[in-house]
Amino acid sequence: MVKLIFFASIREDLGVSEAEEAVDGATTVAELVQVLGLRYGSLWTEVLSRENILIAVNQAMAGLQHPIVPGDEVAFFPPVTGG
Amino acid sequence: MVKLIFFASIREDLGVSEAEEAVDGATTVAELVQVLGLRYGSLWTEVLSRENILIAVNQAMAGLQHPIVPGDEVAFFPPVTGG
Amino acid sequence: MQTKISVQTVEFDVGEETRALGRVSSQVGAITSFTGLVRDINEQAGVSGLFLEHYPGMTEKQIAEIIAEAALRWQLQAVTVIHRIGALQPTDPIVFVGVASLHRGDAFNACEYIIDFLKTRATFWKKEQTAAGPRWLTTRDSDVESARAWQKS
Amino acid sequence: MQTKISVQTVEFDVGEETRALGRVSSQVGAITSFTGLVRDINEQAGVSGLFLEHYPGMTEKQIAEIIAEAALRWQLQAVTVIHRIGALQPTDPIVFVGVASLHRGDAFNACEYIIDFLKTRATFWKKEQTAAGPRWLTTRDSDVESARAWQKS
């Protein structure tokens, strides 16, 4: 299982803020996105594949090829707008 | 008559903070310094001729050749150290 | 170096934060601060309110990293970063960056560096309430440029 | 542009001054401030106290000129300069420069410009009480350099 967290427009578009999900053999973020798309449908694939989406694994910025292991915290969010 | 004002170390070295003085024909700051030296002695000449002394005529920075006329306010002070 | 980082809903007191920065050491000669306010125009639309969220844990870690980078570049004695979240109105203070240093050059540079990277790297998101409905903001090009400029210097 | 200039013996309140700068307009997005404190070392000697004097009338005029120059270079909405005179102790706040602007770049630049010229051009004089007796300070070379750098930019 990995912990998924969604912020801002990503959360609103998916209608989910947090979830615990089985990885079903996925070993990278990209594979996890594929697994989630198969599990929840094309909306998830579309939202999680957006060009400007940002990803953090265990609270550190990560790319699509970043490895994931069970227990990881994986967050998806749009470009940041602080300050 | 002109109004003289002395600040900081210049005031302390002369022992005077303000004075009303006749210009005795002086038409520039340099001539005024000469007149004051003749009137009050070599201490005044020495202090008012210091290399780093600053001069303001009517509250605007001025050089030794700046003209003076009766009624002017002439200030002498060391380099500034604000902030 | 002393560091204070807070992500909070309540308003901060610039006077109290500045005094606290000055108390860090009798060597502090310069305190610079940046206070960001919610403006009632952002790009085009009239903004009636703002909602801010962050990534608890990660955001604070990112702010600590930005401060640590600034401390490598300049001699700093204390840094305070406070960022508000939740519902805010136009003219509300939203972010405070305060820097105490021996010399003002270091304090000015570090303060500007920290706010530039807060704007582009820290995980905060703003949703504006406008006349045309709510919308999530995206990173401003001018902010990206400001942050990029530091990488050249 | 709104301007406040005060030369005073009493302490100022950075929080109140910052709030006042923010109230000038709902367009203010950025407020920068510089607060200078009396340090207990200046060059070598241990400083136990400071006495500051100014040229009433001329000093305020000079500060207004420095602010006007800054307003020609950058887009500013309000500037506050407060400078204390009289007897001060180490760690006392001595000078405050606050700038409100639409954008933070302008606010940072103007704030630094104003303090740099306050240090080198405004008619204030500082007498330090040190272990070795009182002495009048002279303009610091580093301050002259900071002011000169603006003339190139």
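Note: the structure precedes this text.
Residues numbered from 1 in each chain as written. Chains lettered and ligands numbered in written order. Predicted model: local features only at pLDDT ≥ 70, side-chain atom pairs only at ≥ 80, totals over all residues. Heavy atoms only, no water.

J.: Before we go on, may I ask you to explain the overall build of chain C in this structure?
T.: Along the backbone of chain C there are four helices and eight strands. Scaling as 2.2 N^0.38, a compact globule of 153 residues should have a C-alpha radius of gyration of about 15 Å, and chain C matches this with 16 Å. Each principal axis of the C-alpha distribution contributes one length, and for chain C these read about 50 × 35 × 25 Å. Counting the 153 residues in chain C, one finds 59% classified as buried. Taking all contacts inside chain C whose residues are at least 6 apart in sequence as the whole, residues at least 24 apart take part in 77%. Split by element, the accessible area of chain C, about 6,100 Å² in all, is 50% carbon and sulfur. (Helix = DSSP H or I, 4+ residues; strand = E, 2+ residues; numbered from the N terminus. Rg over C-alpha atoms; globule rule 2.2 N^0.38 Å. Buried < 20%, exposed > 50% of the residue type's maximum accessible area, 1.4 Å probe, protein only. Contact = heavy atoms within 4.5 Å. Areas by Shrake-Rupley, 256 points an atom, 1.4 Å probe, with all protein chains shown as cover.)

J.: Looking at this structure, how should I read the sheet that holds strand β5 (residues 86-88) of chain C?
T.: The strands making up a sheet associate through backbone hydrogen bonding, with each pair oriented either parallel or antiparallel. Residues and elements named next belong to chain C. If you trace the four strands from one edge of the open sheet to the other, you get β5-β3-β7-β8, paired in antiparallel fashion. Each of the sheet's edge strands pairs with one partner strand only, and the pair in question is β5 and β8 (133-136). This sheet shows a mean twist of 20° between the axes of neighbouring strands, independent of strand direction. For strand β3 (residues 47-54) and β5, the ladder comprises three bridges, and the chain directions are antiparallel. Across the sheet, the residue bridging to Leu-52 is Gly-86, located in β5. (Pairing = 2+ DSSP bridges. Axes fitted to C-alpha atoms, helices over the stretch in contact; angles between N-to-C directions.)

J.: Explain helix α3 (residues 104-121) of chain C to me, please; I cannot follow it from the model alone.
T.: Note that an α-helix has 3.6 residues per turn; residues three or four places apart therefore point the same way. The end-to-end C-alpha separation of α3(C) is 25 Å, in line with the 26 Å expected for 18 residues at 1.5 Å each. The buried fraction of α3(C) is high, at 14 of 18 residues. (Expected span 1.5 Å × (residues − 1).)

J.: Where do I start with the side chain of D:Arg84 in this structure?
T.: Residues and elements named next belong to chain D. Residue placement: Arg-84 occurs in strand β4 (residues 78-84). Although Arg-84 lies buried, it forms no salt bridge, and the closest oppositely charged side chain, Glu-11, sits 4.4 Å away as judged by the N-O distance. Only 3.2 Å separates the side chain of Arg-84 from the backbone oxygen of Thr-9, close enough to count as a polar contact. In this structure, Arg-84 is in contact with Gln-8, Thr-9, Val-10, Glu-11, Phe-12, Leu-52, Asp-92, Pro-93 and Ile-94, ignoring residues within four places of it in sequence. (Lys, Arg positive; Asp, Glu negative; His and termini not counted. Salt bridge = Lys/Arg side-chain N within 4 Å of Asp/Glu carboxyl O. Polar contact = N/O pair within 3.5 Å; in protein donor to acceptor, adjacent residues only side chain to side chain.)

J.: For this particular structure, what's the right way to read the relation of the copies chain D and chain C?
T.: Look at the two chain copies: a rotation about an axis and a shift along it is all it takes to match them. With an axial shift of 0.0 Å and an RMSD of 0.0 Å, the rotation relating chain D to chain C amounts to 180°. In symmetry terms, the pair is related by a two-fold rotation axis. Rotation axis and chain D: the residue whose C-alpha lies nearest the axis is D:Gly15, separated from it by 1.8 Å. (Least-squares fit on C-alpha atoms with pLDDT ≥ 70 in both.)

J.: Just checking my understanding: could you explain the pattern of salt bridges for this structure?
T.: Pairs can form between side chains of opposite charge whenever their charged atoms are close. According to the stated counting rule, one finds 30 salt bridges over all chains in the structure shown. Linking C:Glu53 and A:Arg11 is a salt bridge whose minimum nitrogen-to-oxygen distance equals 2.7 Å. With C:Glu53 in strand β3 and A:Arg11 in helix α1 (residues 8-14), this pair bridges two chains.

J.: Whenever I open this one, the pairing of β4(D) confuses me. Can you help?
T.: Walk down a regular strand and you will see the side chains alternate between the two sheet faces. Residue and element names in this part refer to chain D. Here β4 lies mainly inside the structure; seven of its seven residues are buried. Burial along β4 is two-sided: Ala-78, Thr-80, Ile-82 and Arg-84 facing one way and Val-79, Val-81 and His-83 facing the other are all buried. As judged from the seven bridges shared by strand β1 (residues 2-8) and β4, these two strands associate in the parallel manner. Residue pairing in the sheet places Ile-5 in a bridge with Val-81 of β4.

J.: Whenever I open this one, the arrangement of the chains confuses me. Can you help?
T.: Ranking the three pairs of chains in contact by number of contacts places chains C and D first. No interface is formed between chain B and chain C, the nearest pair of C-alpha atoms being 10 Å apart.

J.: Explanation requested: the interface of chain D and chain C in the structure shown.
T.: Reports of interface size often rely on the accessible area that becomes lost once the parts have come together. If you look at the interface, chain D gives 36 residues, while chain C gives 36 residues. With both chains or domains summed, chain D and chain C bury close to 2,900 Å², and 51% of this area falls on carbon and sulfur atoms. By the criterion of area lost to chain C, the three top residues of chain D are D:Arg39, D:Arg104 and D:Phe108, representing 25% of everything that side buries. In this structure, the connection of chain D to chain C is made through four salt bridges. (Buried area = accessible area lost by both parts, 1.4 Å probe.)

J.: Can you walk me through the packing of aromatic side chains in this structure?
T.: How two aromatic rings sit relative to each other is set out by the distance from centre to centre and by the angle between their planes. This structure, assessed with the given rule, holds 28 aromatic pairs over all chains. An angle of 25° between the planes, with centres 5.8 Å apart, marks the rings of B:Phe6 and B:Phe76 as stacked. Of this pair, B:Phe6 sits in strand β1 (residues 2-6) while B:Phe76 sits in strand β5 (residues 73-77), and the two are 70 residues apart along the sequence. The class for B:Phe6 is buried, based on a relative accessible area of 1%. Each ring, one from C:Trp74 and one from C:Trp150, has its centre 5.5 Å from the other, and the planes form 80°; the classification is edge-to-face. Taken together, the residues C:Trp74 in the loop between α2 (58-73) and β4 (78-84) and C:Trp150 in helix α4 (residues 141-152) connect sequence positions 76 residues apart. Accessibility expressed as a relative area gives 12% for C:Trp74, which makes it buried. An aromatic cluster of three or more residues is present, and its members are A:Phe6, A:Tyr40, A:Trp44 and A:Phe76. (Phe/Tyr/Trp six-rings, centres within 6.5 Å; stacked < 30°, edge-to-face > 60°.)

J.: Whenever I open this one, the side chain of C:Ser101 confuses me. Can you help?
T.: Residue and element names in this part refer to chain C. With respect to the element layout, Ser-101 can be found in strand β6 (residues 93-101). Separated by 3.3 Å, the side chain of Ser-101 and the backbone nitrogen of His-103 make a polar contact. Among residues more than four places away in sequence, those in contact with Ser-101 are Val-28, Gly-29, Ala-30, Gln-75, Gln-77, Asp-106 and Ala-107.

J.: Would you take a moment to explain the environment of A:Asp13 for this structure?
T.: All names here are of chain A. By secondary structure assignment, the location of Asp-13 is in helix α1. What makes Asp-13 partly exposed here is its relative accessible area of 33%. Note: C-alpha distance between Asp-13 and Leu-43 (30 residues apart in sequence) is 8.4 Å. Non-local contacts of Asp-13, meaning those with residues more than four positions away in its chain, are made with Leu-43, Val-47 and Arg-50.

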